[in-house]
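# Chains, contacts and geometry: an overview
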Amino acid sequence: MAVKRKLILASGSPRRVELLRQVGVEADRLMPMDLDESQEKNEQPRSLARRLASDKAKAALHAISDEPDWKGSYILAADTVVAVGRRVLPKTEYSDEALSALNLLSGRSHWVFTGVCLITPDKKLRHKVVESKVRFKRLSEAEISAYLESGEWRGKAGAYAIQGYAGSFVQNLTGSYSNVVGLPLYETVQLLTGEGMNVHARWPEG
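What counts as what
Just so you know, the residues in each chain are numbered from 1, in the order the chain's sequence is written. Residue-level local features of this predicted model are given only where pLDDT is at least 70; pairs of side-chain atoms are given and counted only at 80 or more, and the full residue set underlies all totals for whole chains, interfaces and linings. Computation of side-chain values: all heavy atoms of the structure, hydrogens and water removed. Strands are runs of DSSP state E lasting at least two residues, helices are runs of H or I lasting at least four, and both sets are numbered from the N terminus onward. This radius of gyration counts C-alpha atoms alone. The globule rule is 2.2 Å times how many residues there are, raised to the power 0.38. Any Phe, Tyr or Trp ring, taking Trp's six-membered ring, that has another such ring centre within 6.5 Å forms a pair; planes under 30 degrees apart are called stacked, those over 60 apart edge-to-face, and the others tilted. The buried label goes to any residue with under 20% of its type's maximum accessible area, the exposed label to any with over 50%, and the partly exposed label to all in between, with areas taken from a 1.4 Å probe on protein chains only. To define a nonpolar core, start from buried Ala, Val, Leu, Ile, Met, Phe, Trp, Tyr and Cys residues and group those joined through side-chain atoms within 4.5 Å. We call two residues in contact whenever any of their non-hydrogen atoms come within 4.5 Å of each other.

### Let's talk about the overall build of the protein chain
From N to C terminus, the protein chain includes six helices and seven strands. Each helix (α) and strand (β) of the protein chain, taken in turn from the N terminus, gives the series β-α-β-α-β-β-α-β-β-α-β-α-α. In summary, the protein chain has a C-alpha radius of gyration of 18 Å against a globular reference of 17 Å for 206 residues, a match within 12%. Projected onto its principal axes, the C-alpha positions of the protein chain cover 60 × 45 × 25 Å.

### So, the packing of aromatic side chains
Under the criterion given, the structure shown has four aromatic pairs. Considering the side-chain rings of F136 and F169, the 5.8 Å spacing of their centres and the 70 degrees angle between planes classify their relative orientation as edge-to-face. With F136 in strand β6 (residues 125-136) and F169 in the loop between α4 (141-150) and β7 (170-174), this pair connects stretches of sequence that are 33 residues apart. Residue classification places F169 among the buried residues on the basis of a relative accessible area of 5%.

### Notes on the nonpolar core
For soluble globular proteins, the rule of thumb is that nonpolar side chains tend to be buried together. The biggest cluster of nonpolar side chains holds 44 residues, and the ones touching the most others in it are L7, L76, L89, F136, Y147 and Y160. Among all residues touching Y147, those that are not within four sequence positions of it are L102, E152, W153, A159, Y160, A161, Y165, A166 and F169. Judged by nonpolar contacts, the second largest core, of 13 residues, contains I8, A10, W70 and A77.

Structure below.
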C-alpha cells in the first residue's frame, strides 16, 4: 500500500490555500516563514522570486527537522514579485506606498513573477518561476482614491489584488492569471505530480 505523504505549505496566504483547493489539493499544515524579503544588490526580479521561494521552503524543512511526524513531507513554497522593469514594488503596508505603486502602474505594463519551490520527501529541490505581463488602464484620481479607501491593497505585492476590485483596472493580461493571484496552478500541479503526488485522485466523482 502506497504511503500517503503529507503536504506542508510554507505560506499563510489565504489566496494560495484557496488556489490549491481549487485543484483539489489541501495542505496538511501551513507554515508561514518570516524572512527578510529585501532585494539584493543587482538582483533581478525573477531571481528574487526564485530565491525567496527556495529560502522559505528550506526554512520550513529546517523547522520540522526535530518533528518526526512531519519528516518525509512535501514542502511547497512560493513568492510573488511585482516589477516595473528591474524595480520591484513592495508588499504595501501604508497608504503612501500604495499610492506610489498605483501611480507607477497606471497606464503601463508590469511583470508578475512567482517563484515556486517544492522540496520532495527525499529532500530534492524542484524550482519553477512563472511570469505574467499585466497592463493597467490609466487610473483616474477618483479610482485610485476609491481603491485606497477599500484597503484591499494592504499586504499585497504591487498594492493590488487582481481577483478583487483591481480586476477592473486590467486592460490586458498575458500568461497565467493564477500566477498573478499568487500561485501558478498549472506549473504547481506539474511539480507535484512529477514528484509522485496523485493530485487527481483527490477529485470527487460526479
